[in-house]
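One letter stands for each residue in the lines below.
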Amino acid sequence: MVLEGNPEVGAPRTSDLQHPGNKGSSPGEEAQPGEEPIKYGELIVLGYNGCLASGDKGRRRSRLALSRRPHANGVKPDVMHHISTPLVSKIGRSTENMIDFVVTDTSPGGGATEGPSAQSTISRYACRILCDRRPPYTACIYAAGFDASSNIFLGERAAKWRTPDGLMDGLTTNGVLVMHPAGGFSEDSAPGVWREISVCGNVYTLRDSRSAQQRGKLVENESNVLQDGSLIDLCGATLLWRTPAGLLRAPTLKQLEAQRQEANAARPQCPVGLSTLAFPSPARGRTAPDKQQPWVYVRCGHVHGYHGWGCRRERGPQERECPLCRLVGPYVPLWLGQEAGLCLDPGPPSHAFAPCGHVCSEKTARYWAQTPLPHGTHAFHAACPFCGAWLTGEHGCVRLIFQGPLD
């Protein structure tokens, strides 16, 4: 294991998520020719609603499937070196073949941080996940930090220390945080407590700030084993871990499409303009709303078609007065949440996040509305899982009130 005193040399725009297999293979573990690889689980990047804005390509994806390799490639402790000339050691980048996935910073409101001035706060090698090659295929997460020679590497400003058994442990500069939900990822889920994971996989309370030199307190009764619904925050992007069993309980894209068609078949109407409303097909993507797009007043939940009256320009361009109840607040188009893995149950699309207007089931909306996601060095905000927009209002979501059979 190498812990290097290397100053950060310009934060890159992307971070690297490494998924090794496990520490060595045993006879019979290798995949046979033509055999379907065993799936350990999936990582879903919050904020993209099923697909990156530029499309899922190669190692850059919004949904990352982890499967068993033909041969294990996990890491193990080795000789420790202190390097006095850190720049001699080449720093690994996302082009290295050991990197499985590249995770890009997500900006609030959806989409990747782009532009030459956009600098990532995610570590070059953000984290690594070791999966047991034998049932039950336990997945454990570790903070990473590797150089181009596959040696574990930490920068000069990263907290590091020697463990009682003589190994070196440490934290990446901005940290790898994990939150395990209480009750699993189901209809009865509740948010857990955010912790920080070290290079050796030990669990600590959060530091005073994201990059503080002093580590938190060791939490001995908690582990780095990922559970269905565990959240991983890389200081710029947050990922949701779903197990194969959990994904079997999640709604499918076919079910979400059936719900969309059922909602449209009820022919809800605008209570003022009396026009028929319809949710757009996911194939059309989130472009400009069409003339049948449902819109909602996010303070009261009344659903309308688009109209130009009721503006309160002194309160902002999106502030409108609902013609039914006179409450003033944001007036936005409704979009169905299309990333099924983010949903806790297959319930009907009855609630919308405020202020973005993404629609999902009541239990899904209420869970994410009460889940604080890390932001910056020490702040937490609840956010829409489909686009990453910070939630506002008393509850962060609102029940939709349609004019017609959907009520």
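Residues numbered from 1 in each chain as written. Predicted model: local features only at pLDDT ≥ 70, side-chain atom pairs only at ≥ 80, totals over all residues. Heavy atoms only, no water.

### Concerning the overall build of the protein chain
Here is the rule: Each helix is a run of H or I in the DSSP string that is no shorter than four residues. Each strand is a run of E no shorter than two, and both are numbered from the N terminus. It only takes one pair of heavy atoms within 4.5 Å for two residues to be counted as in contact. Note that accessible areas follow from Shrake-Rupley with a 1.4 Å probe, and for residues the cover is restricted to the protein chains shown.
The helix and strand inventory of the protein chain stands at 3 helices and 23 strands. Within the protein chain, counting contacts between residues at least 6 apart in sequence, those at least 24 apart form 65% of the total. Looking at the protein chain as shown, the accessible area adds up to about 18700 Å², and 52% of this sits on carbon and sulfur atoms.

### Notes on a nonpolar patch on the surface
As a reminder, the rule being used: Distance thresholds for patches are 9 Å for like charges and 5 Å for nonpolar side chains (Val, Leu, Ile, Met, Phe, Trp, Tyr), applied to residues having over 30% relative accessible area and no salt bridge. Criterion for a salt bridge: a side-chain nitrogen of Lys or Arg within 4 Å of a carboxyl oxygen of Asp or Glu. Using a 1.4 Å probe on the protein chains alone, a residue whose accessible area is under 20% of its type maximum counts as buried, one over 50% counts as exposed, and one in between counts as partly exposed.
Side chains of Val-272, Trp-309 and Leu-324 sit close together on the surface and give an oily, nonpolar patch of about 270 Å² of accessible area. Residue placement: Leu-324 occurs in the loop between strand E16 (319-321) and strand E17 (328-333). Overall, the relative accessible area of 45% leaves Leu-324 in the partly exposed class.

### Some details on unusual backbone geometry
Between Pro-135 and the following residue, Pro-136, the backbone shows a cis peptide bond with an omega angle of 10 degrees. For Pro-136, the position within the fold is in the loop between strand E5 (125-131) and strand E6 (139-143). Residue Pro-355 is bonded to the preceding Ala-354 through a cis peptide linkage, with omega at 15 degrees. Residue placement: Pro-355 occurs in the loop between strand E19 (351-353) and strand E20 (358-360). Even without being a glycine, Cys-235 presents a positive backbone phi close to 60 degrees. Among the secondary structure elements, Cys-235 is positioned in the loop between strand E12 (231-233) and strand E13 (238-242). Relative accessible area serves as the criterion here: at 10%, Cys-235 is assigned to the buried category.

### Section: the pattern of salt bridges
Side chains that carry opposite charge are capable of pairing whenever their charged atoms lie near each other. Applying the stated criterion across every chain yields a total of 12 salt bridges. A salt bridge links Lys-39 to Glu-42; the shortest N-O distance between them is 2.3 Å. According to the relative accessible area criterion, Glu-42 is buried, its value standing at 9%. Three or more residues are tied together by salt bridges with common partners; here these are Lys-39, Glu-42, Arg-63 and Glu-339.

### Looking at the side chain of Asp-228
As a reminder, the rule being used: Pairs of N or O atoms within 3.5 Å make up the polar contacts considered here, provided that, within protein, one atom can donate a hydrogen while the other can accept it, and that residues adjacent in sequence are counted only when both atoms are side-chain atoms.
Considering the arrangement of structural elements, one finds Asp-228 in the loop between strand E11 (203-204) and E12. Of the polar contacts made by the side chain of Asp-228, one reaches the side chain of Arg-242; its length is 2.7 Å. Those residues in contact with Asp-228, other than ones at most four positions away along the chain, are Pro-181, Gly-184, Phe-185, Trp-241, Arg-242, Thr-243, Gly-246 and Arg-249.

### Some words on the sheet that holds strand E14 (residues 295-297)
Counted only if it meets this: Strands were regarded as paired on the criterion that DSSP finds at least two bridges between them.
Strand order in this open sheet of 4 strands is E15-E14-E17-E16, and the pairing throughout is antiparallel. Whereas interior strands pair on both sides, the edge strands pair on one side only; in this sheet they are strand E15 (303-304) and E16.

### Some words on the packing of aromatic side chains
Formally: Classification of ring pairs rests on two measures: the distance between centres of Phe, Tyr or Trp rings, Trp counted by its six-membered ring, which must be within 6.5 Å, and the angle between planes, read as stacked under 30 degrees, edge-to-face over 60 and tilted in between.
Counted according to the given criterion, the structure contains 11 aromatic pairs. Ring centres 5.4 Å apart and planes at 75 degrees place the aromatic pair Trp-161 and Tyr-204 in the edge-to-face group. Residue Trp-161 is located in strand E7 (residues 160-162), and its partner Tyr-204 is located in strand E11; the two are separated by 43 residues in the primary sequence. The class of Trp-161 is buried, set by a relative accessible area of 11%.

### Remarks on the nonpolar core
Let me state the cut-off plainly: Nonpolar cores were defined as sets of buried Ala, Val, Leu, Ile, Met, Phe, Trp, Tyr and Cys residues, with membership established by side-chain atoms within 4.5 Å.
Grouped together as the largest cluster of nonpolar side chains are 30 residues, with contacts concentrated most on Leu-43, Leu-66, Ile-129, Ile-141 and Ile-232. Elements supplying a minimum of two residues to this core: strand E2 (39-45), strand E3 (63-67), strand E4 (101-104), E5, E6 and E13. Among the nonpolar cores identified, the runner-up in size contains 27 residues, and Trp-194, Leu-231, Cys-356 and Ala-369 belong to it.

### Concerning the environment of Pro-346
Checked against the element boundaries, Pro-346 lands in the loop between strand E18 (335-336) and E19. Pro-346 sits 96 residues away from Ala-250 along the chain, and the two C-alpha atoms are 6.8 Å apart. Residues within four places of Pro-346 in sequence aside, it is in contact with Pro-251 and Gln-259.

### Observations regarding empty space enclosed by the protein
Remark: the empty space left among the atoms is shown by a probe the size of a water molecule rolled over them. Here is the rule: The rule is simple: put a 1 Å grid over the protein atoms alone, call a set of points where a 1.4 Å probe fits but cannot get out a cavity, call an open set with protein on both sides within 12 Å along at least five of seven lines a pocket, and count a residue as lining if it has an atom within 4 Å of a point. Grid points are joined across faces, edges and corners, and a volume is the space filled by probe spheres set on the points. The residue classification treats Ala, Val, Leu, Ile, Met, Phe, Trp, Tyr, Cys and Pro as nonpolar and Asp, Glu, Lys and Arg as charged. All others, Gly included, are polar.
A complete count under the given rule lists 2 cavities of 30 Å³ or more for this structure. What the largest cavity holds in volume is close to 130 Å³. Around the largest cavity sit 17 residues that line it, and Leu-256, Gln-259, Gly-337, Pro-349 and Cys-360 are the ones nearest its centre. Elements supplying a minimum of two residues to the lining of the largest cavity: helix H2 (253-265) and E20. Per-element tally for the lining of the largest cavity: the top contributor is H2, with 3 residues. Grouping the amino acids of the lining of the largest cavity by side-chain chemistry returns 9 nonpolar, 6 polar and 2 charged.

### A look at helix H3 (residues 362-369)
For an α-helix, 3.6 residues make a turn, and residues three or four places apart therefore share a direction. Here H3 has its buried residues at Thr-364, Ala-365, Tyr-367, Trp-368 and Ala-369. Turning to H3, the residues buried within the fold contact strand E9 (177-179), E12, E13, E19, E20 and strand E23 (397-399).

### Description of the pairing of E2
Counting buried residues in E2 gives 6 out of 7 residues, a clear majority hidden from the surface. In terms of strand pairing, E2 meets E3 through 5 bridges, oriented antiparallel. Pairing of Glu-42 across the sheet is with Ala-65, part of E3. In this sheet, E13 lies alongside E2 in antiparallel orientation, the contact comprising 4 bridges. Each bridged residue has a counterpart across the sheet, and for Ile-44 the counterpart in E13 is Leu-240.

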